[in-house]
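Commentary on secondary and tertiary structure
For reference, the chains in residue letters:
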Amino acid sequence: MSNCIKTSKYNIVTFLPVNLFEQFQEVANTYFLFLLILQLIPQISSLSWFTTIVPLVLVLTITAVKDATDDYFRHKSDNQVNNRQSQVLISGVLQEEQWMNVRVGDIIKLENNQFVAADLLLLSSSEPHGLCYIETAELDGETNMKVRQAIPITAELGSTSQLARFDGEVICEPPNNKLDKFGGTLYWKENKYPLSNQNMLLRGCILRNTEWCFGLVIFAGPDTKLMQNSGRTKFKRTSIDRLMNTLVLWIFGFLVCMGVILAIGNAIWEHEVGVCFQIYLPWDEGVHSAFFSGFLSFWSYIIILNTVVPISLYVSVEVIRLGHSYFINWDKKMYCAKRRTPAEARTTTLNEELGQVEYIFSDKTGTLTQNIMVFSKCSVNGHSYGDVQDMLGHKAELGERPEPVDFSFNPLADPRFQFWDPSLLEAVKLGDLHVHEFFRLLSLCHTVMSEEKSEGELFYKAQSPDEGALVTAARNFGFVFRSRTPKTITVQELGQAITYQLLAILDFNNIRKRMSVIVRSPEGKIRLYCKGADTILLERLHPLNQDLTSITTDHLNEYAGEGLRTLVLAYRDLEESYYKDWSERLHRAGSAPEAREDHLARLYDEVEHDMMLLGATAIEDKLQQGVPETIAILTLANIKIWVLTGDKQETAVNIGYSCKMLTDDMTEVFVVTGHTVLEVREELRKAREKMMDASRSVCNGFYQEKLSSKLTSVLEAIAGEYALVINGHSLAHALEADMEVEFLETACACKAVICCRVTPLQKAQVVELVKKYKKAVTLAIGDGANDVSMIKTAHIGVGISGQEGIQAVLASDYSFSQFKFLQRLLLVHGRWSYLRMCKFLCYFFYKNFAFTMVHFWFGFFCGFSAQTVYDQYFITLYNIVYTSLPVLAMGVFDQDVPEQRSMEYPKLYEPGQLNLLFNKREFFICIAQGIYTSILMFFIPYGVFADATRDDGAQLADYQSFAVTVATSLVIVVSVQIGLDTGFWTAINHFFIWGSLAAYFAILFTMHSDGLFRMFPNQFRFVGNAQNTLAQPTVWLTIALTAVVCIVPVVAFRFLKLDLKPELSDTVRYTQLVRKKQKTQHRCMRHAGRAGSRRSGYAFSHQEGFGELIMSGKNMRLSSLALSSFAPRPSASWIDTLRKKKGCEGSSASSPGGAADKTLRV
């Protein structure tokens, strides 16, 4: 098997055919290619081929360049990796080889800080006992060092001559993607040796703190675990994309219907009328009947009317999305100066969906919290330490924190560590045996690596922040972990160096939820030290511990109630004879060819019984800055937040209270902890019944909430606020096929959901469940490798670049460094992106139907001959030049309210969740407006031209003059329309709108100029037509009339809607405008007022405004109804109410508020 990897898709030969094949799998591209083929058939084409091929080639070229650029970087990355140098042992000599030439069975030498080239079996290293240290950030996102060890029989092979004679055979599992497991056996010298993950160096790891090592290649290239895990990320599409595909199919159906109507008209006209004019209007060659003429006419009209779905639509959408992505990347308010990390949009296809999120699934540790662990409290032998105390030894009140404990007695103490209870240090100094044993356990029972760069300057590398915090605590209290070898651990206990013989490590995993070490003290005593979750350890204690267990459990509950992460510590003394017997059985289990993990688990479970309780630790994982405020605001935006965490229930619940997900005002918090299917079902049923009963009692049985089509159950209309907390073992039952709907209905009726003790797979299953049944947009946010599956499953994945590496960021669609930025990402960037995309699509479909339907009406007046109204150059340039830039500017820059108001009024987010701004109804409204405009655009000039004359008395009506008039009217009307649609004007909007109008007239006069006619007489035959037509006052009056009749109804409708049924964004804009007017007038009045009267200035500037009204929530209730249900409002206008309020104030106090009100009414 070759070690060459390939992530690129193309090469020089295959790029063009493969890329074109991929692009023409898009329905739109195939559709336009089909139209181009039709236009090449002379009998049916009434347009030149370049009207379609120019935009099609432009789109294909832009996409191809983008794909080629992406693939170039993939090639560059592949070449960089494949051409890395590696030292391979060939014929007893180390030779430099490229990674791509490494083969399975080769022996490779690695040196410090080098990447591992393939999955290797570690044979030997420069460290004693075949030990080596690696960093696995590329695999699992963890930046801490891990230790790997060669099996003893090969650890002695330190020279190339010895390794050249190595002829062992490895039989192992097939290639798979399990990073933490490996099973195999080495057969050598007629013996067999078991192999595990601890003997493997995986591709992607980096060798650290090890001078050199040798490894045997087991898996290479695509078979390595790194490549096995690099499966393709799911392709994500937005709901607007899916809706657009449906609408395009509908439009195509509408296009076919129009083609059929006009074809039938052509056949009838040719049969009834055209046959009489064969002398003057003979049929084309090959046309022998009216029916066949109608058939050809159908295809001709398909070509002419194809602009209802212009190819520029797809290009414009991608440009707008790219612009929105850059806005996210450039947002300084989402930049973390501490970590120098900006926000990053890692995809450009999901921006508008950020404005439609209904469910957020969040990890806890590192996402809501900082993942910087601090040893906060502990319980030792029934005594709790860690409460902050005042000078008299009493528990200090909040805000009365004294000086921290002084650790100056310990030269090896970590100066960054702080503890506030001096009694624990006193117990250490007084020689309390339980406290000594407590910290001895913390200094021995771990997998931390120690690095001493200079005398007394220790640096710990821990696999988890929890473990590092515990070892650091032991270090400061005098039990300093100094160093380790594979068989020993050296600890400096209160200044005295003691080396313990390390007999066994019973490592932690998600099933065991505990870790143990077995050590032999210098006195020869064998002792097992264990630390783990309370739910696991407390049931493994000796019966003599009952009283101490009761006290410690109370302490654990107290710690968990404060949101602290807890562990229980215990030990057990082992007899020499028992240990020898157990050790032999452990060795045999490790060598078992099958079910090795099960055998080892049983032996671990056997020895970890009848332990003596030492105490418990409590570690604080502080909330990130701004988390409670962010969750509160997102909740007001009707976004439901579910926390999926591996932490214990008490800790997760209290973090829920800390971050305001759970509040004391909630009606009830349901806790599901059942261990069987029946128990879980019953607990979920009781929760639903309580919610229904409460809802019925509140409503007195008479009120029934009107459910929208998205609600699957009456539960979602319940009164009151509820929360659901469910444990991992209960969730496993709840996610089964026959119960998942019950669980989902119960959970979705709750304001907050917390899932505790969940696995990475369960996180993804919960997200998938909501996606499957709710049809709502989901967002998953996390910071660790265990969140990757959840991030990839959700519609939108957000990675936080935190303490757990970059694995979550690499799998995400968006990334930033703090949870609080999620508020701005959704409420500002997401809402604006959704608003802009919806306005863009509405306008785009409107302008193209207004443009295209004129051909349809003209067909009834030209004998259905597929004659176009406009000249072919106008048809080509309409979507590319005349109307493309204004709508792009609106799609990129538009906003309804400023960003501050978006954050202040979370209810503004609801239209996106309810998909109100662009849906099938809005689409048909746009189409209706476009058709209405096209009718006026055709029939008003047609009616005028029927009898109009020039200034010299000549007939005004001719085909080219009519075409210029209609085209000019169209460009002016759609330009005015986009001016009305634009809510936020920038210099770019002005330049693009008025610049496009200017470009239209410049190109129009140029195409009808004498110079172009002389250069291309066959193409530009109508010299001076535009100049002559637009010189007639009648034409300009016609254009003005058309524009007024098209625009005035739209303006009137919008004014009526604003007055009778304003949306929340209208209300916010109005209040903002009133405030702005008031501030201006206040400033003027202060300048004109009496210089000596400070009191009047104070009273004047603090007159009653809209603050009370907004804070009262009255406007929120009205706006909420408007946004969520669009129920009819009372006839009294909301804006009138505001005006009356201000008018009353103005009349009673003659305040400038009244003036502001009068100004606004004008």
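Per an unreviewed UniProt entry, the protein chain carries the name Phospholipid-transporting ATPase and comes from Serinus canaria. Turning to the protein chain, the UniProt annotation filed under Sequence similarities (unreviewed entry) states: "Belongs to the cation transport ATPase (P-type) (TC 3.A.3) family. Type IV subfamily." Checking UniProt for the protein chain, the heading Catalytic activity (unreviewed entry) contains the comment "ATP + H2O + phospholipidSide 1 = ADP + phosphate + phospholipidSide 2."

Here we take up the overall build of the protein chain. The number of helices and strands found in the protein chain is 42 helices and 32 strands. For the protein chain, the proportion of its 1162 residues judged to be buried stands at 52%. Expressed as a percentage of contacts within the protein chain between residues at least 6 apart in sequence, the contacts between residues at least 24 apart total 73%.

Now for the confidence of the model for the protein chain. Across the protein chain, the average pLDDT comes to 82, with 86% of residues at or above 70. Per-element confidence in the protein chain ranges from a low mean pLDDT of 28 for helix α38 (residues 1094–1101) to a high of 96 for helix α12 (residues 433–444). The low-confidence segment residues 1087–1162 (pLDDT under 50) makes 96 contacts with residues lying over four places distant or belonging to another chain.

Turning to the pattern of salt bridges, a few remarks are in order. Using the criterion set out here, one finds 46 salt bridges in the structure. In this structure, R440 engages E437 in a salt bridge whose closest nitrogen and oxygen atoms are separated by 2.5 Å. One end of the pair is R440 and the other is E437, both in helix α12 and three residues apart, which spans about a single turn. With relative accessibility at 15%, the residue R440 sits in the buried group. As a salt-bridge pair, E608 and R514 come within 2.6 Å of each other at their nearest N and O atoms. Taken together, the positions of E608 in the loop between α17 (596–607) and β25 (612–623) and R514 in strand β22 (residues 514–520) put the pair 94 residues apart, joining distant regions of the chain. Each member of the pair E608 and R514 is classed as buried.

Conventions used here
Residues numbered from 1 in each chain as written. Predicted model: local features only at pLDDT ≥ 70, side-chain atom pairs only at ≥ 80, totals over all residues. Heavy atoms only, no water. UniProt positions renumbered as here; feature names shortened; annotations may be inferred. Helix = DSSP H or I, 4+ residues; strand = E, 2+ residues; numbered from the N terminus. Buried < 20%, exposed > 50% of the residue type's maximum accessible area, 1.4 Å probe, protein only. Contact = heavy atoms within 4.5 Å. pLDDT = per-residue confidence, 0-100. Salt bridge = Lys/Arg side-chain N within 4 Å of Asp/Glu carboxyl O.

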